[in-house]
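Take a look at the letters that make up each chain.
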Amino acid sequence: MRFPVPLFPATLVRRYKRFLADVVLPSGETVTVHCANPGSMIGLDAAGARVWLSKSANPSRKLAHSWELIEVDLGGGAELVGINTIHPNALAAEAIAAGAVAELAGYAAVRREVKYGKNSRVDFLLEAPARPPCYVEIKNVHLDPAYGAAFDAARAMGVEAIAYRCGISCEGIEVAEPVSIEE
């Protein structure tokens, strides 16, 4: 998945109200940007961190910039982490279509945002004539213990889980390789 516009760096001042962050642009100007991540972002919102932004071409948009990536030190030096929760489903759709996720390959049809149960939707429904339907939910996960507990509970109830590491650059995000899930 390529970013539709070039990203540029800024410095994080603070994140607040879940969807807003203040950053300092390379020009020295402080602006408010959109943060498309309603989660807690534990460990991903340190003041002074280098962040990467996109700028919308829509002149009537209230906030011209969106926060896309942040540089964090995960113990082995600085790495980019994607924080825009809009991207994982597009990335997954692209990877499934390309056959890059072996566990999800070989389905004849892929439908997105399919109604599931009474008031829910599932990110993807994969179907093939000789196979049972495969319901796929995509998560962008980083360092949230509450999510980890819910994930463990779902797996204990029989939900199958797979995880893939992604390669992240200022140009885009690509599925890299599967990673093991620790028990």
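Everything discussed here concerns the structure shown above.
No experiment lies behind these values; they were computed from the predicted model shown.

(A) Quick look at the overall build of the chain. When its secondary structure is counted, the chain shows 2 helices and 11 strands. Starting at the N terminus and ending at the C terminus, the chain contains elements arranged as β-β-β-β-β-β-α-β-β-β-α-β-β. Along the three orthogonal principal directions, the C-alpha set of the chain runs to about 60 × 35 × 35 Å. Evaluated residue by residue, the chain yields a buried proportion of 32% over its 183 residues. Of all intrachain contacts in the chain linking residues separated by at least 6 positions in sequence, the fraction that spans at least 24 positions is 46%. Surface summary for the chain: the accessible area is close to 11,000 Å², and the carbon and sulfur share equals 55%.

(B) Representation of the environment of Met157 within the structure. Of note, Met157 is situated in the loop between helix H2 (145–156) and strand S10 (163–168). Each C-alpha atom of the pair Met157 and Ala49 lies 39 Å from the other, and the pair is 108 residues apart in sequence.

(C) Focus on helix H1 (residues 87–98). Over its 12 residues, H1 extends 17 Å from the first C-alpha to the last, a length consistent with the 16 Å expected when each residue adds 1.5 Å. The set of residues buried in H1 consists of His87, Pro88, Asn89, Leu91, Ala92, Ala93, Ala95 and Ile96. Each element contacted by the buried residues of H1 is listed here: strand S5 (65–73), strand S7 (109–116), strand S8 (120–128), S10 and strand S11 (173–179). A positive phi of about 75° marks Gly99, the residue just after H1.

(D) Up close: the pairing of strand S4 (residues 50–55). For strand S1 (residues 8–16) and S4, the ladder comprises 4 bridges, and the chain directions are antiparallel. Within the sheet, the bridge partner assigned to Ala10 lies in S4 and is Val51. Inspection of the sheet shows S4 paired to S5 by 5 bridges, in the antiparallel sense. Note that in S5 the partner of Val51 across the bridge is Ile70.

What counts and what doesn't
Residues numbered from 1 in each chain as written. Predicted model: local features only at pLDDT ≥ 70, side-chain atom pairs only at ≥ 80, totals over all residues. Heavy atoms only, no water. Helix = DSSP H or I, 4+ residues; strand = E, 2+ residues; numbered from the N terminus. Buried < 20%, exposed > 50% of the residue type's maximum accessible area, 1.4 Å probe, protein only. Contact = heavy atoms within 4.5 Å. Areas by Shrake-Rupley, 256 points an atom, 1.4 Å probe, with all protein chains shown as cover. Expected span 1.5 Å × (residues − 1). Pairing = 2+ DSSP bridges.

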